[in-house]
Amino acid sequence: MLITLVDAAESPRIKGWLVRRGFESKVVQRGQALLLSDPWVPWEVRDALSADPAVACIDETTDTPRRVMRQDSGPIAMGPWSFGALPIIAGPCAVESRDMIREVAEFCASLGIQWLRGGTDKTRTRCEAFQGLGAEAAVWLREAADAHGMLSVTEVTDSPAADAISDAAHVLMVGARHMHASRHLQRVGRFGKPVILKRGLSASPEEWLRAAEYLLDAGAPSVAFCERGARAAHPLKRFTLDLAAVPFMREMSAYPILVDPSHAAGYSPYVLPLARAALAAGAHGVIIECHPNPAAARSDAIQALDFEAMAQFAAEITSKKGTAPPPVSDISFAPTATHVVDKAGQR
Ligand code: PEP
Ligand code: MN
């Protein structure tokens, strides 16, 4: 980023202002400009600089990921893509049968949950493990969601069933193991549907943001990021949840940041504490795995919540509505109005 000043005499003041916000800059053009090599400059900082009378103009000299970062353009209208009443995406790890997903949909809908997840093409560590029921299951998931006016969310992998699965789903998901696969991201983006982009197991923020650029560039109308736990040296259970990703993504990107506490914890007693923490940190929503009979789940049984726990959590979130950190409701699956309000300084 190159900040051109109206008067070279102002460069020490602006340089000092940047230092106080954690940005080193180099004085160039005989003091007439300041050069920042760090591309991760939050929009608030850019706005404040543009508003300073000493700043003549700001040029992007670095390769800023413009599509995902906050823009001046305002929210993209996305019609029905909203979290509605509850910021929860719930459902089983895998769609195990038509009846099972109907049962889960009916139950989740009765709690006011409007987003139904269900894996149909599973990426498993062990090749002998249950791999999902494929395109047919994606159709069951969609039918079950439609029956209650819910939105169906399922992962699209690089399998031959990807076209049929994405045809059936309202919202596509790119799993953590595929986040780095740029050709896959382009393919998923070309389906033209909103995409939830899981963070790779050890992906840097830059790799994650740039993966979203691939999706948006290829035609995805919208993305939501999802932190799902990172690979760390000594995980207490399955992964280590990086909650700092929540404020970071809220600052850097116009798109929602979700958290998946189920895959992070890998252990059902830890799921709800992490979900609460995620919402308290400002996550726009949480993705939680639940199952009518967790002990019998064909994948991720240990982390699945039973219906009772799911109901308790939904009730807890509903009762806290209005007191929880903004925004926990009315979140469109798009650059959020909140960001635009923030940008205008009208918090
Ligand atoms: C999932 O959500 O079904 C899943 C496999 O998650 P992840 O890609 O984060 O491991
Ligand atoms: Mn799972």
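Conventions used here
- Residues numbered from 1 in each chain as written.
- Chains lettered and ligands numbered in written order.
- Predicted model: local features only at pLDDT ≥ 70, side-chain atom pairs only at ≥ 80, totals over all residues.
- Heavy atoms only, no water.
- Near = heavy atom within 4 Å.
- Polar contact = N/O pair within 3.5 Å; in protein donor to acceptor, adjacent residues only side chain to side chain.
- Areas by Shrake-Rupley, 256 points an atom, 1.4 Å probe, with all protein chains shown as cover.
- 1 Å grid on protein atoms, 1.4 Å probe; cavity = no way out; pocket = protein on both sides within 12 Å on 5 of 7 lines; lining within 4 Å.
- Sits in = over half its atoms within 2 Å of the grid points.
- Nonpolar A, V, L, I, M, F, W, Y, C, P; charged D, E, K, R; others polar.
- Donors = N, O, S within 2.8 Å, 3.2 Å for Na, K, Ca; no water.
- Helix = DSSP H or I, 4+ residues; strand = E, 2+ residues; numbered from the N terminus.
- Buried < 20%, exposed > 50% of the residue type's maximum accessible area, 1.4 Å probe, protein only.
- Pairing = 2+ DSSP bridges.
- Axes fitted to C-alpha atoms, helices over the stretch in contact; angles between N-to-C directions.
- Contact = heavy atoms within 4.5 Å.
- Points joined across faces, edges and corners; volume = space filled by probe spheres on them.
- Phe/Tyr/Trp six-rings, centres within 6.5 Å; stacked < 30°, edge-to-face > 60°.
- Lys NZ or Arg CZ within 6 Å of the ring centre and 35° of its normal.
- Core = buried A, V, L, I, M, F, W, Y, C linked by side-chain atoms within 4.5 Å.
- pLDDT = per-residue confidence, 0-100.

With respect to the site of ligand 1
Residues in close proximity to ligand 1 include Arg117, Lys122, Glu155, Met173, Gly175, Ala176, Arg177, Lys198, Arg228 and His263, which together make up its full environment. Between ligand 1 and Arg117 there is a distance of 2.7 Å, counted from an oxygen atom to a side-chain nitrogen or oxygen. In isolation ligand 1 offers 290 Å² of accessible surface; the protein chains occlude 97% of this area. Spatially, ligand 1 is embedded in the largest pocket. For the shell around ligand 1, a count of residues per class yields two nonpolar, two polar and six charged.

Topic: the coordination of the manganese ion (ligand 2)
The manganese ion (ligand 2) binds to the protein through Cys93 (SG), His263 (NE2), Glu289 (OE) and Asp300 (OD); the donor distances cover 2.0 to 2.4 Å. Every donor residue of the manganese ion (ligand 2) comes from the same chain, spaced as C-x169-H-x25-E-x10-D. In this pair, Cys93 is assigned in the loop between β5 (88-91) and α3 (98-111) and Glu289 in strand β12 (residues 285-289), connecting sequence segments 196 residues apart. For Glu289, a relative accessible area of 1% puts it in the buried group.

A look at the sheet that holds strand β6 (residues 115-117)
Pairing is parallel around the closed barrel formed by eight strands, whose spatial order is β5-β6-β7-β8-β9-β10-β11-β12. Across the sheet, the axes of successive neighbouring strands diverge by a mean angle of 25°, strand direction being ignored. This element, α3, spans β5 and β6 of the sheet and lies at about 150° to β6. Sheet strands in contact with helix α11 (residues 307-320) are β5 and β12, and its direction is about 170° off that of β5.

Concerning the sheet that holds strand β2 (residues 26-28)
Taking strand neighbours across the sheet as the criterion, the four strands line up as β2-β3-β1-β4 in an open arrangement whose pairing is antiparallel. Taken across any chain shown, the strands that pair with only one partner, and hence form the sheet edges, are β2 and β4 (55-59). Within this sheet the neighbouring strands show an average axis-to-axis angle of 25°, counted without direction. Along the sheet, helix α1 (residues 11-20) contacts β1 (2-5), β2, β3 (33-35) and β4; its crossing angle with β3, the most-contacted strand, is approximately 25°.

Some points on the layout of surface pockets
One number sums up the size of the largest pocket: a volume of about 280 Å³. Taken together, 19 residues form the lining of the largest pocket, with Thr123, Arg177, Arg238, His263 and Asp300 sitting closest to its centre.

Some thoughts on the packing of aromatic side chains
The geometry of an aromatic ring pair is captured by the separation of the ring centres together with the interplanar angle, meaning the angle of the planes. Overall, the coordinates contain three aromatic pairs when judged by the stated rule. Relative to Phe307, the ring of Phe107 lies with its centre 4.0 Å away and its plane at 0°, an arrangement referred to as stacked. Of the two residues, Phe107 is situated in helix α3 and Phe307 in helix α11; the sequence distance between them amounts to 200 residues. Each member of the pair, Phe107 as well as Phe307, carries the same accessibility label: buried. Seen from their ring centres, Trp208 and Phe225 are 5.4 Å apart, and the 80° between their planes marks the pair as edge-to-face. Remark: Phe225 occurs in strand β10 (residues 223-227) and Trp208 occurs in helix α7 (residues 205-218); sequence separation between them is 17 residues. Trp208 sits in the buried class, given a relative accessible area of 1%. Judged by its relative accessible area of 0%, Phe225 falls in the buried class. Geometry around Phe239 places Arg228 over its ring, the cationic atom sitting 4.3 Å from the centre.

Quick notes on the nonpolar core
In terms of nonpolar packing, the biggest core is built from 72 residues, with Leu197 and Phe225 touching the most fellow members. In contact with Leu197, other than residues within four places in its own chain, are Val174, Met179, Leu185, Trp208, Ala211, Ala212, Leu215, Ala224, Phe225 and Cys226. Core analysis: the next-biggest nonpolar cluster, separate from the first, contains 14 residues, Phe23, Leu49, Ala54 and Val55 among them.

Concerning the confidence of the model for the chain
Taken over all residues, the pLDDT of the chain has a mean of 87, while the share at 70 or more is 87%. Counting contacts from residues 72-81, a segment whose pLDDT is below 50, to residues more than four positions away or on other chains yields 25 contacts. A low-confidence stretch, residues 335-347 (pLDDT under 50), is modelled with 28 contacts involving residues beyond four sequence positions or located in other chains.

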